[in-house]
Structure formats: C-alpha cells, structure tokens
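Okay, here's what each chain looks like letter by letter:
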Amino acid sequence: MPLQDGGPAVPRGRQVNGEVASVPSLGDPSLRSATAPGGSRTDVMAEGWEPGPAQSDGDVTPGGAPQRAWKPEEALMTELSELVQKVVKSSSWWERHGVDISILACSVLLLPAGFLCLRSAQATPFLAGVLTLGVVHHTLTVKGSHLASHNALTESKSWGKVWAIFFIELCSAFTVEQATYNHVKIHHGYTNVIGLGDSSTWKLPFLNRYVYMFIAPLAVPILTPLVALGLLRNVEWKAALRTLCCMFLGLYCHYWLLLHVSGFQSPWSALLCMLLTRSLLAHPYIHVNIFQHIGLPMFAAERKPRRIHLMSLGVLNLPRNALLDWSFGHSLISCHVEHHLFPSLSDNMCLKIKPVVSQYLKQKKLPYNEDTYSSRLRLFLQRYEELMVHAPPITELVGIQ
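J.: How should the overall build of the chain be read in this particular structure?
T.: A count of helices and strands for the chain gives 17 helices and four strands. Within the chain, the proportion of its 401 residues that are buried is 54%. A separation of at least 24 residues holds for 74% of the contacts in the chain among residues at least 6 apart in sequence. Only carbon and sulfur atoms are counted for the fraction: they give 64% of the accessible area of the chain, which is about 17,500 Å².

See the structure below:
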C-alpha cells in the first residue's frame, strides 16, 4: 500500500462535520502556551507514561531538520499532564486496569458459548454464535492488541510483553515488533505527518469508493496474516519463528474448535465460518481507522507542530457506541484525542480523563475535533477521490516556521 506524497496545496483549515474551519495561528496570543514533547518523548510516553516537565527543544524530524523550542507551548502540555496525573493518581487499580482486563476476561469466557451455539441447526442460536464469536474476536484482536501494544494492560513491562504476544500474535495473527513499531513509534510519534504517520497504509487508491468502504473490509482477515508474513523479513529470525508459531497456533485452534466443538462437517464450511466471524466488525474497523485522521490537517515532517497541536489538530473523536466501545475500546472511539495525548492509559482511564482534556483544550482555544460516524461516512463517500486517492494537501500553520 503506497505512501502518498504531499501535494502542493497548503490550505489553512481543518475538517469538522465535513466543513472547513479556520486553524488557529500559533502566532495568536490565545495559543502561545502550547505544545509538548515531540517525537522522542512520544516513544517514552507510549511505553510507560509518567507526566512530568515537557522536554524543551532538540526534537529532530526524520529529515534531520531541528524544530524550534516553543517554551510556552511546552508549558501547555506540562500543565495538562499535571491535571491528568492528578486524575490517574486518585484512581484505583480497578479504574486504571481492572475494568479493561475484566472486559477481555469476559470475552474469553464467552468463547465456549459461541462455539456451542454454532452446533445448533436452528437459525437463531447459530446466528447468536456467529455474533458472539465475531464480537469476542474483535474485542481480543482490536481492543486487546491495541492496549497491549501500548503496555496499557499492566504496569509490568514483562507481563506487557506476554500480553502483547498473546493478543497481537496468537489472536490477531500479526507480529508484535512490526505492530508496535508501525503503530506506537510511527503513527503516534508522527500523527498526520506526510509519509510517516498519515494513515497512508489504509489507502487503496485503485479501488473505487463503494468497493473500498463496503466490500474490501471483508478481506481483512485474509490480508492481515499475509501482510504479517511479508513483514517478517524485517525482524530477527527468533521473533519471526515465534510469530509464525503463534499465528499458526491461533488460526489452527479456531479451525479445530469449529470442527470438533461446533460440529462443522467440512473444512470449507469451517473456513467460511472463520471468515464470517473474523470480518463481522471489519467495516467499522476500517472506517474508524480512516475517519479519525484522514481529512484532518496534514503536515510536512520538517515543519510539524509540537505535540499538543499535532494531536488536537490531527485527531478526531467519534460518539460513544455500546458495541464499538466494548469491541474496540474507548481510546479508539470516543476518546481518541485523549489516547493520542496520553497513549499508555487504558481505555477506561481515557474515558475518565476525557472531561479534563476536552475542557482544557477548549479553554486554551485549541481544537477538540468531534464528529458522528454517519457524518464522516458521508464525507468520505462524497470526497473519496480527494481524501483517499489523491495526495493529501499539507496544512501550513502560520507562526510555526
């Protein structure tokens, strides 16, 4: 999936509800208290977040161009981090980790019921089994893998590695090293930076809008392990061997249970059921990944804003949804802005700090992007060529040069 090159246009605006609103200038006095740590700090916060004084300058983009220090902007991120840290310190283990661990544990406990429901020859229990296994699969592979990649399930790095292997490799059929690098280091470190974290890997410009939005997601369960196999050449042989074993074990266990517990009579019917359950929520999975970043301001690597502006401009929250909140987690749905600012917090903690973050950004006259699922879907269908086929335009923020 090719990365898109930056286009020549430099509009000064952002998408909210499909409309272009003016982007506040960093030269505006209302914004002269802003952002935080750049790329190097992002990696630290992703692995074990402890809010503290924001780093000053010395941030260097991949192109090697140093960014200027904006001390008032660093003060903004430091102040917000201190507010969030107070919430975190006052929260119990149950709030920090227990709620999300319980959701994942409940999902695992629902697996036997799902496989047994598929034994029924009646439509209602059989469909209940498909629905149960589909929701459980996405809860483990999306919510579980996402939290594990950020080490948000536990405060122990050793156990974090174990959970990452379980959720990402065994359940999701992907490789931990590449998943962590691409998501944590690149996407979070360079959100909406052209050629790095601009979500280009989600674009398939040779497909038309309807095929991409409504048919292509059905292929996600097939493409995921194939892409993972292609990426194994970039990891050490021991990690590659471990990944292959975990991928095979996870896929074969699913297949074996369908044959011997659910009672499928032929391999093809079992494989078809695997595809059906693993693609049950593939449409919202693809949609969420593009809705929350593409169509928002994009930046050149050598001229990206510092952290708080990068995340407030380039990230969008969707409304709460019971099914997606359970399967994908709050940090991927209604608290995506909070997650990008504080990526090592669990889904439940992102939900808890949401009022603090939203009030703070609005108080400081910083963008806090929110839109509905239906509105973003209409926007992408109407402007698919511009957003998903052509190179995204670079946003120029006055005062950041």
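After presenting the structure, the write-up continues.
J.: Just checking my understanding: could you explain a nonpolar patch on the surface for this structure?
T.: A cluster of nonpolar side chains, namely I222, L223, L226, V227, L229 and L244, defines an oily patch on the protein surface of about 500 Å² accessible area. Relative to the elements of secondary structure, L244 occurs in helix α9 (residues 237-260).

J.: I keep staring at the nonpolar core and nothing clicks. Help me out?
T.: Of all hydrophobic cores here, the largest spans 28 residues; its most connected members are I308, L341, F342, V357 and L361. Counting only elements with at least two residues in this core, the list comes to α2 (71-89), α12 (307-314), α14 (336-341) and α15 (347-363).

J.: Honestly, the packing of aromatic side chains in this entry has me stumped. Any pointers?
T.: Both the distance between ring centres and the angle between the ring planes are used here to describe each pair of aromatic rings. This model, assessed by the stated rule, comprises 12 aromatic pairs. With centroids separated by 5.9 Å and ring planes inclined at 35°, the aromatic side chains of W163 and F167 adopt a geometry described as tilted. With a gap of four residues between them, W163 and F167 both fall in helix α5 (residues 157-171), about one helical turn apart. Given a relative accessible area of 4%, F167 falls into the buried group.

J.: Any chance you could explain the environment of S199 here in plain terms?
T.: Tracing the sequence through the fold places S199 in the loop between α6 (176-188) and α7 (209-215). By relative accessible area, S199 is classed as buried at 7%. Between the C-alpha atom of S199 and that of H187, which follows or precedes it by 12 residues, the distance is 7.5 Å.

J.: Explain the pattern of salt bridges to me, please; I cannot follow it from the model alone.
T.: Once their charged atoms are close, side chains differing in charge can pair, the charge on each being opposite to the other. One pass over the full model with this rule turns up 11 salt bridges. The partner of R242 in a salt bridge is E177, and the shortest N-O contact between them spans 2.9 Å. Here E177 lies in helix α6 and R242 lies in helix α9, a separation of 65 residues in the sequence. Relative accessible area serves as the criterion here: at 23%, R242 is assigned to the partly exposed category. Judged by relative accessible area, E177 falls into the partly exposed class, the value being 26%. A salt bridge links K354 to E370; the shortest N-O distance between them is 3.9 Å. Of this pair, K354 sits in helix α15 while E370 sits in strand β4 (residues 369-370), placing them 16 residues apart in sequence.

Calculation notes
- Residues numbered from 1 in each chain as written.
- Predicted model: local features only at pLDDT ≥ 70, side-chain atom pairs only at ≥ 80, totals over all residues.
- Heavy atoms only, no water.
- Helix = DSSP H or I, 4+ residues; strand = E, 2+ residues; numbered from the N terminus.
- Buried < 20%, exposed > 50% of the residue type's maximum accessible area, 1.4 Å probe, protein only.
- Contact = heavy atoms within 4.5 Å.
- Areas by Shrake-Rupley, 256 points an atom, 1.4 Å probe, with all protein chains shown as cover.
- Patch = residues over 30% accessible without salt bridge, like charges linked within 9 Å, V, L, I, M, F, W, Y side chains within 5 Å.
- Salt bridge = Lys/Arg side-chain N within 4 Å of Asp/Glu carboxyl O.
- Core = buried A, V, L, I, M, F, W, Y, C linked by side-chain atoms within 4.5 Å.
- Phe/Tyr/Trp six-rings, centres within 6.5 Å; stacked < 30°, edge-to-face > 60°.

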